[in-house]
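Here's the letter readout for the chains.
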Amino acid sequence: MINIDFECENQHQFEGCFKDYESFKKQQEMGLIECPLCNTMNVKRIYKGCSIHTKKSKEGQGKTPNFWQYLEAFNNYVKNNFEYVGNSFPDKARAIYYGLEEKKNIYGDVTPSEAKELVEEGIGVFPIIDTEKLIN
Ligand SMILES: [Zn+2]
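Computed from a prediction, not measured in an experiment: that's the story for all the values here.

Thresholds, definitions, all that
Residues numbered from 1 in each chain as written. Predicted model: local features only at pLDDT ≥ 70, side-chain atom pairs only at ≥ 80, totals over all residues. Heavy atoms only, no water. Donors = N, O, S within 2.8 Å, 3.2 Å for Na, K, Ca; no water. Tetrahedral: all angles 85-135°; square planar, octahedral: opposite > 155°, others 65-115°. Helix = DSSP H or I, 4+ residues; strand = E, 2+ residues; numbered from the N terminus. Buried < 20%, exposed > 50% of the residue type's maximum accessible area, 1.4 Å probe, protein only. Axes fitted to C-alpha atoms, helices over the stretch in contact; angles between N-to-C directions. Parallel < 35°, antiparallel > 145°, perpendicular 65-115°, else oblique. Contact = heavy atoms within 4.5 Å. Nonpolar A, V, L, I, M, F, W, Y, C, P; charged D, E, K, R; others polar. Pairing = 2+ DSSP bridges. Salt bridge = Lys/Arg side-chain N within 4 Å of Asp/Glu carboxyl O. Phe/Tyr/Trp six-rings, centres within 6.5 Å; stacked < 30°, edge-to-face > 60°.

## A closer look at the coordination of the zinc ion
Step number 1: Surrounding the zinc ion are the protein donor atoms Cys8 (SG), His12 (ND1), Cys35 (SG) and Cys38 (SG), which sit 2.0 to 2.3 Å from the metal.
Step number 2: Here the zinc ion binds four donor atoms, and the angle range of 103 to 113° at the metal identifies the geometry as tetrahedral.
Step number 3: When the donors of the zinc ion are listed by position in the chain, the intervening gaps give C-x3-H-x22-C-x2-C. Of this pair, His12 sits in the loop between strand E1 (2-8) and strand E2 (13-18) while Cys35 sits in the loop between helix H1 (21-29) and strand E3 (43-45), and the two are 23 residues apart along the sequence.
Step number 4: You can call Cys35 buried: its relative accessible area is 0%.

## Quick look at the packing of helix H3 (residues 89-97) against helix H4 (residues 112-120)
Step number 1: Direction vectors running N to C along H3 and H4 enclose 10°, while the axes themselves pass 10 Å from each other. Judged by the angle between their axes, H3 and H4 are roughly parallel. Counting all contacts with H3, which are made through Phe89, Pro90, Ala93 and Arg94, the residues of H4 involved are Glu114, Glu117 and Leu118.
Step number 2: Classifying every residue of the contact of H3 with H4 gives four nonpolar, no polar and three charged.

## Concerning the environment of Ile106
Step number 1: Relative to the helices and strands, Ile106 is located in strand E5 (residues 106-108).
Step number 2: Residue Ile106 is classed as buried on the basis of its relative accessible area, which comes to 12%.
Step number 3: Between the C-alpha atoms of Ile106 and Glu83, which are 23 residues apart in sequence, the distance is 4.5 Å.
Step number 4: What Ile106 contacts, discounting residues up to four positions off in sequence, is Phe82, Glu83, Val85, Phe89, Lys92, Ala93 and Ile96.

## Concerning the sheet that holds E2
Step number 1: With antiparallel pairing, three strands are arranged side by side in an open sheet as E2-E1-E3. Sheet topology places E2 and E3 at the edges, where each strand pairs with a single neighbour. Adjacent strand axes in the sheet meet at a mean angle of 40° when their direction is disregarded.
Step number 2: The sheet contact formed by E1 and E3 spans three bridges and is antiparallel. Following the sheet pairing, Glu7 is matched in E3 by Lys44.

## Remarks on the pattern of salt bridges
Step number 1: Evaluated as defined, the whole model comprises seven salt bridges.
Step number 2: Linking Asp20 and Lys19 is a salt bridge whose minimum nitrogen-to-oxygen distance equals 3.7 Å.
Step number 3: For Lys104, the salt bridge goes to Glu83, with nearest N and O atoms at 3.4 Å. Taken together, the residues Lys104 in the loop between H3 and E5 and Glu83 in strand E4 (residues 83-86) connect sequence positions 21 residues apart.

## Comments concerning the packing of aromatic side chains
Two aromatic rings, taken as a pair, are described by how far apart their centres are and by the angle between their planes.
Step number 1: Using the criterion set out here, one finds eight aromatic pairs in the structure.
Step number 2: With centroids separated by 6.3 Å and ring planes inclined at 65°, the aromatic side chains of Tyr77 and Phe82 adopt a geometry described as edge-to-face.
Step number 3: Overall, Tyr77 belongs to the partly exposed group, its relative accessible area being 27%.
Step number 4: Through a chain of ring-to-ring contacts, three or more aromatic side chains come together here, namely Phe6, Phe14, Phe18, Tyr21 and Phe24.

Below, the structure written as structure tokens:
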């Protein structure tokens, strides 16, 4: 099951529960998603989890967050919302891709050649740059 956030034309925010991403797509395409408060079908998906909140400190005020802060926010998002599978990432990613395991978001460790193989197989992987290792 996956949860997806929506907002309707009257700014009601609600969460929809779907079997998987496919069934969400299907229902969205058919216009079957309606607001539980006002029953309008004019709803759009919102991405609550993706917003980046930057702390405003004295010296940082008014400054655009730098690249590392964006990276860190991205990494935190992944760490909070994805399941860590360590070295078994290539196996897990394949199992999910080929439908042997339930669809979910995962992250883990791969070697560059393992990552290349996954990409060549058409499995969508995204590199994470570990800011903690780079900065500290
Ligand atoms: Zn509504």
